[in-house]
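Residue strings, one per chain:
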Amino acid sequence: MPAHVSTGAIGAEPIPHFTPRSTALSDLDRRRIGFLRLVLVLALVFLHYGGVYGSSFSPYPGYQGQPLPVAAILISFVLFIGFTAVPAMSAISGFLFFQGATPQRPPDFVRKLRRRVHSLVIPFLIWGTLFALVGYAVHLIYPDLFAAFFAKNQSFLRTWGNAIIGINRTQVAFQLWFIRDLILTVAVSPLIWLLVGRLPWPTLAALVPLWILDYDLVIFHRLDVLLFFSFGAACAMHGFRPELPKRWVVPVFVLFLMAAMARTLAPWALGRADGLGFDVATGAMRILGALAVWNAALLMIDGRFAAWVGRNTYMAFFIHAAHYPPILFIKLSLGSMIDPMSEVAQITLYLLTVSLTISGLIALGRLLERRTPRLFKVISGGRTEGGSRKERAGFLPT
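Counting of residues starts from 1 at the beginning of each chain's written sequence and follows it residue by residue. For a predicted model such as this one, the threshold for reporting local features is a pLDDT of at least 70, and the threshold for listing and counting side-chain atom pairs is 80 or more; totals across whole chains, interfaces and linings nevertheless cover every residue. Side-chain descriptors were evaluated using all non-hydrogen atoms of the structure, hydrogens and water having been removed beforehand.

A. Expanded view of the nonpolar core. Counting 112 residues, the largest nonpolar core has Phe98, Trp127, Phe178, Ile179 and Ile319 as its most contacted members. Once residues lying within four places of it in the same chain are set aside, the contact partners of isoleucine 179 are Leu120, Phe124, Phe317 and His320. What is meant by a nonpolar core is a set of buried Ala, Val, Leu, Ile, Met, Phe, Trp, Tyr and Cys residues, joined one to another through side-chain atoms within 4.5 Å. Burial status follows relative accessibility: with a 1.4 Å probe on protein chains alone, a residue under 20% of its type maximum counts as buried, one over 50% as exposed, and anything between as partly exposed. We call two residues contacting when some pair of their heavy atoms lies within 4.5 Å.

Set out below in structure tokens:
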């Protein structure tokens with residue numbers, strides 16, 4: 001990521017060995033970030049498909065020897081690739097938030113926090129409320145669905161608080177946990193500036209084992225966002241650049257794909273699916289993946305697919321917020337029409353469900369933007385097609 005800091009000392013000694021420089025984002029970096037915004041969200045849509053239709057095995061541990069191995073391995077493999085999305089998006093968000101700050105000069109917290117109310121908090125509450133109501137309506141018709149959210153032995157406030165914003169569990173639209181944790185991370189950004197500005201490596205070194213061991217520090221769902229947002233902040237304030245030599249980009253990306261496949265097959269090969277070793281391996285794979293996709297994006301920002309991404313990158317927030325539970329409903333509807341023991345049928349269902357979810361949401365988003373532009377601007381966090389053109393290649397601060 002590009003360095004962007006200037007050195008105006010206002011009350012703190014500079015950190016030895018760091019020489020922050022004031023460098024604006026290049027057009028290439030804008031294009032790369034715009035490209036990754038949508039591509040990483042599309043990876044999350046694949047990730048949230050869930051497991052093989054009709055199977056009781058979760059894809060998250062990896063392949064454990066269950067029936068339909070080709071479909072099961074494919075789904076888990078793509079899932080582990082998708083695990084890079086949250087680290088990469090969080091690092092980009094942290095970099096953009098602290099762009100222009102230095103260890104001695106904080107960002108304009110008031111302006112940035114006010115902006116995040118409109119780009120994160122308001123759409124988060126709208127989407128959370130909408131899908132909580134949808135989940136409750138579906139639960140009334142099919143009591144087994146979303147039953148954990150609407151149990152009768154819970155108080156009204158806890159029931160709807162969890163369903164909408166996830167007080168002590170993920171909400172109905174569970175993909176919103178990322179936005180929830182990003183909001184909380186932004187809320188503690190002054191503390192991040194103090195710690196990462198003065199002690200970047202000790203701060204990151206302290207967060208990594210907590211992240212691996214799945215501590216949530218009480219208020220977070222997970223520490224993914226806090227850790228990688230802090231890394232992005234360090235890149236902005238200290239001029240770190242996670243850039244690989246050009247000749248290494250493809251080999252590192254291939255190494256990441258091999259690591260994702262190894263992690264997919266590890267439970268089957270080792271005869272178990274959990275333990276600290278798995279957590280460490282998954283964490284290392286995600287760090288490698290974030291590095292790999294950040295660098296590989298430069299090789300993919302031209303061509304027909306990149307042009308399609310450029311036209312639709314402003315939809316990233318909308319697709320992220322809206323894709324679950326619709327993807328679940330599409331999967332269940334189409335799944336009832338297939339032979340659940342057919343590999344071909346399961347793989348077709350997987351690809352078709354994700355494709356219909358993405359294409360349907362893009363079509364819906366465009367329709368809403370044409371018919372109700374003000375509403376679309378609110379629920380997409382201020383991201384619009386006109387704004388993406390204005391900001392070049394869809395670049396908009398998170």
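Right, picking up where we left off after that structure.
B. How the structure looks around a nonpolar patch on the surface. Taken together, the side chains of Val250, Val254, Met258, Leu299 and Met300 make up a nonpolar region of the molecular surface, amounting to roughly 460 Å² of accessible area. By the criteria applied, helices consist of DSSP H or I runs no shorter than four residues and strands consist of E runs no shorter than two, each listed in order from the N terminus. In this structure, leucine 299 sits in the loop between helix H11 (276-296) and helix H12 (304-312). For leucine 299, a relative accessible area of 49% gives the class partly exposed. Here, patches come from residues exposed beyond 30% relative accessible area and free of salt bridges, joined within 9 Å for like charges and within 5 Å for nonpolar side chains (Val, Leu, Ile, Met, Phe, Trp, Tyr). Each accessible area is a Shrake-Rupley estimate made with a 1.4 Å probe; only the visible protein chains count as cover when residues are assessed. Take a side-chain nitrogen of Lys or Arg and a carboxyl oxygen of Asp or Glu: if they are within 4 Å of each other, that pair is a salt bridge.

C. Looking closely at helix H10 (residues 246-270). The end-to-end C-alpha distance of H10, which contains 25 residues, comes to 36 Å, matching closely the 36 Å that a straight helix rising 1.5 Å per residue would cover. The quantity called bend is, for any residue, the angle between two axes fitted respectively to the seven residues ending at it and the seven beginning at it. The largest bend along H10 reaches roughly 35° and is located at threonine 264, with the proline proline 267 sitting one to four residues downstream. Within H10, burial applies to Val249, Val252, Phe256, Ala260, Arg263, Thr264, Ala266 and Pro267. Buried residues belonging to H10 abut helix H2 (69-82) and H11. Remark: glycine 271 follows H10 within two positions and exhibits a positive phi of approximately 75°. Under the convention used throughout, the expected extent of a helix is 1.5 Å for every residue step, that is, one less than its residue count.

D. View of the pattern of salt bridges. Per the counting criterion, the structure on display carries nine salt bridges. Two residues, aspartate 29 and arginine 32, come together in a salt bridge whose shortest N-O distance is 3.1 Å. Of the two residues, aspartate 29 and arginine 32 both sit in helix H1 (residues 27-47), three residues apart, roughly one turn of that helix. When the shortest N-O distance is used, the salt bridge between arginine 111 and aspartate 108 registers 3.8 Å. You can call arginine 111 partly exposed: its relative accessible area is 41%. In this structure, a network of salt bridges that share partners links the residues Asp29, Arg32, Arg241 and Glu243.

E. Broad picture of the layout of surface pockets. Definitions used for this entry: grid spacing 1 Å over protein atoms alone; cavity, a set of points where a 1.4 Å probe fits but cannot get out; pocket, an open set with protein on both sides within 12 Å along at least 5 of 7 lines; lining residue, one with an atom within 4 Å of a point. Grid points are joined across faces, edges and corners, and a volume is the space filled by probe spheres set on the points. Estimated volume of the largest pocket: approximately 620 Å³. Tyr60, Phe83, Arg222, Asp224 and Arg286 are, among the 27 residues lining the largest pocket, the residues nearest its centre. Of all the secondary structure elements, the ones that give two or more residues to the lining of the largest pocket are H1, H2, helix H3 (85-98), helix H8 (200-212) and H11. No other element matches the five residues that H11 contributes to the lining of the largest pocket. As a working rule, the residues Ala, Val, Leu, Ile, Met, Phe, Trp, Tyr, Cys and Pro are called nonpolar, Asp, Glu, Lys and Arg charged, and the rest polar, with Gly in that last group. A class-by-class count of the residues in the lining of the largest pocket yields 13 nonpolar, seven polar and seven charged. Each pocket or cavity is described by its volume, and for the second largest pocket that value is around 500 Å³. Considering the residues around the second largest pocket, the lining is formed by 19 residues, among which Val39, Leu42, Ala43, Phe46 and Ile81 are closest to the centre.

F. Here's a closer look at the packing of aromatic side chains. Pairs were defined over the aromatic rings of Phe, Tyr and Trp, the Trp ring being its six-membered one, requiring ring centres within 6.5 Å. Orientation was assigned from the angle between planes: stacked under 30 degrees, edge-to-face over 60, tilted for the rest. Tallying each qualifying case throughout the model produces 25 aromatic pairs. Where phenylalanine 97 meets phenylalanine 109, the ring centres are 6.3 Å apart and the plane angle is 40°; that geometry is what we call tilted. Separated by 12 residues along the polypeptide, phenylalanine 97 in helix H3 and phenylalanine 109 in helix H4 (residues 109-141) bring together distant segments of the chain. For the pair shown, phenylalanine 97 and phenylalanine 109 are each scored as buried. Relative to phenylalanine 228, the ring of tryptophan 211 has its centre 5.3 Å away and its plane inclined at 85°; by these criteria the two rings are edge-to-face. Highlighted residues: tryptophan 211 in helix H8 and phenylalanine 228 in helix H9 (residues 224-238), separated in sequence by 17 residues.

G. Structural context of the packing of helix H7 (residues 189-198) against H9. Packing of H7 against H9 brings their axes to within 9 Å, and their N-to-C directions diverge by 60°. Taken together, the axis directions place H7 and H9 in an arrangement best described as oblique. Crossing of H7 against H9: the hand is right-handed. Only Leu226, Phe229, Ser230, Ala233, Ala234, Met237 and His238 of H9 make contact with H7, whose side of the interface consists of Ile192, Trp193, Val196 and Gly197. Looking at side-chain class alone, the contact of H7 with H9 contains eight nonpolar, three polar and no charged residues. An axis is simply a line fitted to the C-alpha atoms; with a helix, the fit covers only the stretch in contact. Between two such axes, the angle follows the N-to-C directions and lies from 0 to 180 degrees. Here the word oblique covers every angle except those under 35 degrees (roughly parallel), over 145 (roughly antiparallel) and from 65 to 115 (roughly perpendicular). With the far helix as reference, a near helix turned anticlockwise by less than a right angle produces a left-handed crossing, and one turned clockwise produces a right-handed crossing.

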